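Fold and geometry: a report
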Amino acid sequence: MIASSEPTCRTCGRSLQGVQVSASRHSGTTDELGPDEPEPERDVSDGSDLLAALLDGMDAALCAFDADGVVTHWNREAERILGWSADEAVGRQGLAGWAVRSADAEEVEGRLLSAMHAPGRQVHEFALLTKDGGRVLVRMQSAAVRGPDGKPAGVYCAFSEVHVQIDLERSIALSEALFEDASWGVVLVDVDLRPAVVNAHAARALGTGRTSVLGRPLGELLAQGVEELESALQHVLAEGAPPAPAEVWVTVRTPEGERRRCWRSGFLRLASPLAEEPVPLGVGWLFQDVTEAKQSEQEASLLRFRAQQLHRASRAAAECEDPAEAATVHLDFALAGFADHALIDRVAGGALTDTENEGPVRLVRVAATPSGAPGPSKLADRAGLPLRYAEGHPAVQCVERVGALRASAGTIPPEQAREWALARQWPPDAVHALCAVLRSRGRTLGVVTFLRGAGRSAFERSDAMYAEDVAVRVAAALDLAGLSDEA
């Protein structure tokens with residue numbers, strides 16, 4: 001393939017333009033010796049041998065003409081493409097009748113030789129003939145060869161098949177498009193696991209600029225998820241690309257703060273095409289931000305699970321003869337995947353109507369989950385002693401406001417969190433609380449409290465809606481239990 005405007009050496013990368021157009025006879029090229037003159041012995045460092053070796057080692061097909069249009073050079077790649085050997089090509093006058101159709105020869109040769117008197121290089125596309133009679137469409141770059149006096153001494157032509165050149169251009173265009181206009185993040189990571197090239201989309205996702213991210217450890221860009229990502233990159237360097245994309249949760253450091261994101265990532269191991277043995281250059285990492293989709297998927301899954309739990313709880317509670325026991329059944333089903341502990345407190349002295357809710361609220365424990373080890377909820381004794389809830393207790397506020405209420409100890413030390421829970425007469429490992437009012441027949445019966453430990457996140461608004469659904473069922477069961485007691 002044509003890699004530049006003039007032929008270069010694969011070994012040293014130096015330009016061959018300006019090299020004299022004579023070379024060794026045994027390499028398929030001519031020199032200035034007469035046909036009967038013996039060829040002088042030359043050292044292995046002779047420039048002709050070096051030139052022949054360089055030409056034969058080139059990736060691009062190359063031929064050269066002197067000022068009269070006689071072929072002076074013909075390398076192995078030209079022989080591969082057209083089938084004509086150097087012995088058959090060198091010394092011919094022009095290309096007519098063998099490498100170009102006679103009808104086209106005048107135009108083709110005129111365009112090629114015109115490069116001797118034109119600045120820079122000329123690019124042409126035309127069909128050449130192969131030795132077996134076929135035709136090959138090539139793209140050829142030609143440029144003048146100057147003699148020691150600076151005057152045109154000939155022209156060299158580097159060419160390749162058009163489809164090969166088009167494939168190269170497509171690869172380059174694809175690479176440029178990926179790093180400019182791609183709608184997903186593209187990062188080239190070197191073998192030290194540091195970004196070497198980053199496109200605009202990836203820079204925005206990382207919350208930084210395209211240049212400022214280069215060479216920095218991933219740990220400086222990501223607050224969480226670095227270990228998982230680096231492990232994936234190391235696996236790709238060692239084993240190759242995984243068979244399917246991977247979803248990686250990370251927390252990105254940005255000027256606005258930390259953001260938790262989910263990136264669906266694909267990985268490709270990059271190896272040098274110039275080395276005989278595969279030499280890893282790094283990893284190509286492509287990713288898309290699927291955070292919103294994953295969150296929606298998780299929320300939908302959570303809603304389905306909670307709906308199933310409510311359905312199962314309703315069916316199990318329907319088989320309970322004691323309505324109070326049915327209330328604890330609803331509580332136990334609600335705890336699965338939702339909270340660590342739950343409490344049911346009933347208003348002392350009977351249910352309150354909205355007009356009666358004016359004096360201090362006193363609550364009596366009805367049921368609670370075991371605080372030491374997991375197990376089913378248990379009904380409290382029937383002594384009916386009010387709980388010593390302080391003024392402003394979340395459960396009391398819930399009853400007074402007739403609405404759900406959330407409370408949390410925050411990020412305080414464990415010992416202070418324990419004191420926070422015990423002061424509210426909750427299990428000592430409680431850190432987050434959610435209270436939902438128990439309402440039935442237009443009256444307030446009490447409050448149900450769900451508690452989470454430090455290993456869980458704080459309750460959110462969606463959690464409050466679920467707690468209210470559970471509270472409706474618990475309240476109906478407790479109301480039925482009260483009616484049964486009155487009867």
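Our subject is the structure listed above.
This text gives an overview of the structure that appears in the document. (Residues numbered from 1 in each chain as written. Predicted model: local features only at pLDDT ≥ 70, side-chain atom pairs only at ≥ 80, totals over all residues. Heavy atoms only, no water.)

Turning to helix 4 (residues 102–113), a few remarks are in order. Each α-helix winds once per 3.6 residues, and so residues spaced three or four apart point in a common direction. Between the first and last C-alpha of helix 4 there are 17 Å, a value that for 12 residues agrees with the 16 Å anticipated at 1.5 Å per step. Regarding helix 4, the residues found buried are Ala105, Val108 and Leu112. The buried residues of helix 4 occupy an angular sector of 85° when the element is viewed end-on, so they sit on one face. In helix 4, the exposed positions angled more than 90 degrees off the buried face are occupied by Ala103 and Glu106. As for helix 4, its buried residues are in contact with strand 1 (61–66), strand 3 (121–129), strand 4 (135–146) and strand 5 (152–161). (Helix = DSSP H or I, 4+ residues; strand = E, 2+ residues; numbered from the N terminus. Expected span 1.5 Å × (residues − 1). Buried < 20%, exposed > 50% of the residue type's maximum accessible area, 1.4 Å probe, protein only. Arc of directions from axis to C-beta. Contact = heavy atoms within 4.5 Å.)

This brings us to the pairing of strand 6 (residues 185–189). Within strand 6, four of the five residues are buried, leaving the element largely enclosed by the surrounding structure. Of the strand pairs in this sheet, strand 6 and strand 11 (residues 280–289) are connected by five bridges, and their pairing is antiparallel. Residue pairing for strand 11: Val189 is matched across the bridge by Val283. As paired strands, strand 6 and strand 7 (residues 195–198) are joined by three bridges and run antiparallel to one another. Paired with Leu188 across the bridge in strand 7 is Val197. In textbook terms, the turn of a hairpin is the stretch between consecutive antiparallel strands, and for strand 6 and strand 7 this stretch comprises five residues, one of which, Leu193, has a positive phi near 65°. (Pairing = 2+ DSSP bridges.)

A few words now on the environment of Ala430. Position of Ala430 relative to the elements: it lies in the loop between helix 11 (414–423) and strand 16 (432–440). Given the relative accessible area of 0%, Ala430 is considered buried. Taking the C-alpha atoms as reference points, Ala430 and Asp340, separated by 90 residues in sequence, lie 8.3 Å from one another. Those residues in contact with Ala430 that lie beyond four places of it in its chain are Ala417, Trp420, Ala421, Leu451 and Arg452.

The next subject is the pattern of salt bridges. As a working rule, side chains carrying opposite charge can pair if their charged atoms are close by. The tally for this structure, following the rule as stated, stands at 17 salt bridges. A salt bridge links Arg264 to Glu247; the shortest N-O distance between them is 2.7 Å. Pair noted here: Arg264 is in strand 10 (residues 257–271) and Glu247 is in strand 9 (residues 246–254), with a separation of 17 residues, a long-range link. Relative accessible area serves as the criterion here: at 37%, Arg264 is assigned to the partly exposed category. Exposure remark for Glu247: the relative accessible area of 32% places this residue in the partly exposed category. Across the pair Asp463 and Arg452 runs a salt bridge whose closest N-O atoms are separated by 3.5 Å. With Asp463 in helix 12 (residues 461–486) and Arg452 in strand 17 (residues 443–452), this pair connects stretches of sequence that are 11 residues apart. (Salt bridge = Lys/Arg side-chain N within 4 Å of Asp/Glu carboxyl O.)

These figures capture arrangement, not role.
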